[in-house]
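# An overview of the molecular structure
What follows is each chain in one-letter form.
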Amino acid sequence: MKEQIRQVIREHGHLSVDPGTLADDADLYQAGMTSHASVNVMIALEDTFDIEFLDSMLKRSVFESVDSIAQALTEVGVEA
Amino acid sequence: MSVTAHLDAGLVEAARRIADEVAAPNAIDVDKEARFPAEAVAALREERLLSALVPVELGGAGASLETVARICFELGRRCGASGMVFAMHQIQVACMVDHRGDGAPWFDDYLREVVAEQRLIASITSEVGTGGDMGKSVAAASEVGTDGYQSFEKQAPTVSYGPHADAFLTTVRRAPDAEPGDQVAVLSRRDQMEMEPQGTWDPLGMRGTCSPGFIATARFTPDQVLPAPFSTISAETMTPVSHILWSQVWLGIATDAFDRARAFVKAAAKRKPGEPLPAAIRLSELMSELSLLRAEVGLALREYCDLHAGDRAKLSEMATILRFNNLKIAASEQAPKVCQEALGVTGIVGYKNDTPFSVGRHLRDAMSARLMVANERIHATDASLLLIAKEV
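If you're wondering where the values come from, they're calculated on a predicted model, not measured in any experiment. (Residues numbered from 1 in each chain as written. Chains lettered and ligands numbered in written order. Predicted model: local features only at pLDDT ≥ 70, side-chain atom pairs only at ≥ 80, totals over all residues.)

## Digging into the sheet that holds strand 5 (residues 193-198) of chain B
Residue and element names in this part refer to chain B. For the record, the criterion: Between any two strands, pairing holds if DSSP finds at least two bridges. For the purposes of this entry, the term helix denotes a DSSP run of H or I that reaches at least four residues, the term strand denotes a run of E that reaches at least two, and both are numbered from the N terminus. Interaxial angle, 0 to 180 degrees, is taken between N-to-C directions of lines fitted to C-alpha atoms, where a helix line uses only the stretch in contact.
Here we have 3 strands laid out as an open sheet, ordered 2-6-5, and antiparallel in their pairing. Either end of the sheet is taken by a strand with one partner, and the two such strands are strand 2 (150-156) and strand 5. The sheet shows a mean angle of 10° between the axes of neighbouring strands, direction not considered.

Okay, here's the thing in structure tokens:
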């Protein structure tokens, strides 16, 4: 799952570094992801994993690292 | 900050007196000369209203946001610039109260000083080169030097009441190598800063806010940086509280425009008792427009107070961000509409600047609303959030 998350971030996150070089708990916003890019990451994650995030998950802190995204995906039923 | 539903009648009454007796008689001169509403701010200091939001344990009044919102409304009714200066100061105080963290002695001490000395705090959030996006900074906090100090230099296109503030809450990147969105907020005192004025201040409205540009440089110690990331400060406090308090000021301005239109119609009705009065119908229509504004502004205030007191994490959710962004857009468009239609009721008598029914200043002041963080920028943010948020 984390590799798929990295692929989505690679395509939509507009980071200043390749997400493959980031640790699972690295802060994606500090790596250059803007609020606007993060929305595109969220949409692509919903599409890739065929899920919908709850409103309670749609906030900055949930999308700040590969780890936190993986945890959110697990919460909506994606299996690791 | 305390955001319980408690309205402190004593503080509101003091503010109403200042609005009527100090802000109102100076409003025309403040507007005409584009000068700082010094008399009103001095009176607010005297009543210790600048520290209204500071918690009781630090010596402040521990007032609720609803109390401060009401004060913004009362001041806005009599002098838009006085209301806006008060509102903006309270926003910086709210950010410090909410986000100073546990055991941050520097901010606790500074808030005690706000109480004792009634310090006036401005913000330096906008910056040349960011395209109006408060969530990005060019300026950065330097590394801590061998003397224990950090520094920044920031080019700000506007700093409201910059020439009159005692301290400044400034957004900068966390470090020289930080990304534009990786921001912190620094509180620096005037004596730690150099403020080089840029350009002049001769705007259409809100002339008393005295908001020219500056190149601001500051030297500060690391404990003057609010511990929370600015993204959190912005989502939980600065953005929603700004939108709430600004819109209270705009509601105050629009309410006074309506009151002047109503006084005009009443005077006309007295002159010609029993005769049909087309202006009275327009006044009734105007009341509907004012009610829409009042409902939106009041509801948003209650929603924020509920969330702040209960589920504060919800303030960071996109659906909530959309809600308070929409407040700003709606109120900033509705307030000038009310003022313009008040002019439709009063006609030439309201258009003239020197009658009891003049609403020109109200209209000009209210027109600043859509520029305070441009509505187009907020729409662009909302357009993006609407793609992903569920219940809005």
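After presenting the structure, the write-up continues.
## With respect to the pairing of strand 1 (residues 121-124) of chain B
Residue and element names in this part refer to chain B. Formally: Counting other C-beta atoms within 10 Å of each residue's C-beta, where C-beta atoms are placed from the backbone, gives the exposure class: buried for 20 or more, exposed for 12 or fewer, partly exposed between.
Burial of strand 1 is two-sided: the residues I121 and S123 facing one way and the residues A122 and I124 facing the other way are all buried. Bridging between strand 1 and strand 3 (residues 167-173) involves 4 bridges; their strand directions are parallel. Pairing of I121 across the sheet is with A167, part of strand 3.

## Focus on unusual backbone geometry
Residue and element names in this part refer to chain B. Non-glycine residue Y161 carries a positive phi angle of around 40°. Within the element layout of this structure, Y161 appears in the loop between strand 2 and strand 3. The buried category is assigned to Y161, around which 22 C-beta atoms lie within 10 Å. Within the chain, V373 stands out as a residue other than glycine whose phi angle is a positive 65°. With respect to the helices and strands, the residue V373 is situated in the loop between helix 10 (360-367) and helix 11 (375-386). When the 22 C-beta atoms within 10 Å are taken as the criterion, V373 is described as buried.

## Thoughts on helix 6 (residues 230-271) of chain B
Residue and element names in this part refer to chain B. Rules: Multiplying 1.5 Å by the helix residue count minus one yields the expected span of that helix. Bending is quantified residue by residue as the angle between axes fitted to the seven-residue window ending at that residue and the seven-residue window starting at it.
The end-to-end C-alpha separation of helix 6 is 58 Å, in line with the 62 Å expected for 42 residues at 1.5 Å each. Its maximal kink placed at M238, helix 6 deviates by approximately 35°, while the proline P240 follows within four residues. For helix 6, the tally of buried residues reaches 31 of 42 residues, placing the bulk of the element in the interior.

## Some points on the nonpolar core
All names here are of chain B. Keep this limit in mind: As used here, a nonpolar core is made of buried Ala, Val, Leu, Ile, Met, Phe, Trp, Tyr and Cys residues. They are joined through C-beta atoms within 7 Å. By the convention adopted here, residues make contact when the C-beta atoms placed from their backbones lie within 7 Å.
Counting 145 residues, the largest nonpolar core has A254, A335 and C339 as its most contacted members. Among the elements that take part in this core, helix 6 stands out by supplying 18 residues, more than any other. Excluding its chain neighbours within four sequence positions, the residues that come into contact with A335 are W250, L251, I253, A254, L293, A366 and A369.

## Some words on the sheet that holds strand 3 of chain B
All names here are of chain B. Read from one edge to the other, the open sheet built from 3 strands follows the order 1-3-4, with strand pairing classed as mixed. The open sheet has two edge strands, strand 1 and strand 4 (183-189), and neither has a second partner. On average, each strand axis in the sheet is tilted by 25° relative to the strand beside it, whichever way the strands run. Running at roughly 80° to strand 1, helix 4 (residues 80-99) makes contact with strand 1, strand 3 and strand 4 of the sheet.

## Re the pairing of strand 3 of chain B
Residue and element names in this part refer to chain B. Along strand 3, 7 of the 7 residues are buried, which leaves the element largely enclosed by surrounding structure. With 7 bridges joining them, strand 3 and strand 4 adopt antiparallel strand pairing. Bridge pairing links T170 to V186 in strand 4.

## Some remarks on the packing of helix 6 of chain B against helix 7 (residues 278-309) of chain B
Residue and element names in this part refer to chain B. Condition: Should an angle lie under 35 degrees it is considered roughly parallel, over 145 roughly antiparallel, and from 65 to 115 roughly perpendicular; all remaining angles are considered oblique. The hand of a helix crossing depends on one turn: near helix anticlockwise from the far one by less than a right angle means left-handed, and clockwise means right-handed.
With their axes 10 Å apart at the nearest point, helix 6 and helix 7 run at an angle of 160° to one another. Between helix 6 and helix 7, the crossing angle belongs to the class labelled roughly antiparallel. Where helix 6 crosses over helix 7, the two elements pack in a sense that is left-handed.

## With respect to the interface of chain A and chain B
For the record, the criterion: Under this grouping Gly is polar, as are all residues other than the nonpolar Ala, Val, Leu, Ile, Met, Phe, Trp, Tyr, Cys and Pro and the charged Asp, Glu, Lys and Arg.
Opposite the 16 residues of chain A that make contact, chain B presents 18 residues. When the residues that make up the side of chain A that touches chain B are grouped by side-chain class, the tally is 5 nonpolar, 8 polar and 3 charged.

## Quick look at the environment of D147(B)
Residue and element names in this part refer to chain B. Mapped onto the fold, D147 is located in the loop between strand 1 and strand 2. Given 8 C-beta atoms within 10 Å, D147 falls into the exposed group. When the C-alpha atoms of D147 and G131 are compared, they prove to be 35 Å apart, with 16 residues separating the residues in sequence.

## Some thoughts on the environment of M372(B)
As for its placement among the helices and strands, M372(B) is situated in the loop between helix 10 and helix 11. In the structure, M372(B) is positioned 129 residues away from H243(B) in sequence and 9.6 Å away in space, judged by C-alpha atoms.

## Quick word on helix 1 (residues 2-12) of chain A
Residues and elements named next belong to chain A. Applicable threshold: Taking the helix axis as origin, the arc is that swept by the directions to the C-beta atoms.
For helix 1, the full list of buried residues reads I5, V8 and I9. Angular distribution of buried residues about the axis of helix 1 spans 100°; they occupy a single face of the element. The secondary structure elements touched by the buried residues of helix 1 are helix 2 (35-49) and helix 3 (66-75). Downstream of helix 1 by one or two residues, H14 has phi in the positive range, about 50°.

## Remarks on the domain arrangement of chain B
Residue and element names in this part refer to chain B. We count it as follows: Segmentation of the chain into domains, including their bounds, is taken from an automatic or database domain assignment.
Per the domain assignment, the segments making up chain B are domain 1 (9-119), domain 2 (122-224) and domain 3 (230-386). Put simply, the middle of domain 1 and the middle of domain 2, counted by C-alpha atoms, are 21 Å apart. At the junction of the two partners, domain 1 supplies 19 residues and domain 2 supplies 19 residues. Of all the elements in the fold, those that place two or more residues in the side of domain 1 that touches domain 2 are helix 1 (9-33), helix 4 and helix 5 (105-117). No other element matches helix 4, which puts 9 residues into the side of domain 1 that touches domain 2. In terms of residue class, the side of domain 1 that touches domain 2 is made up of 13 nonpolar, 3 polar and 3 charged.

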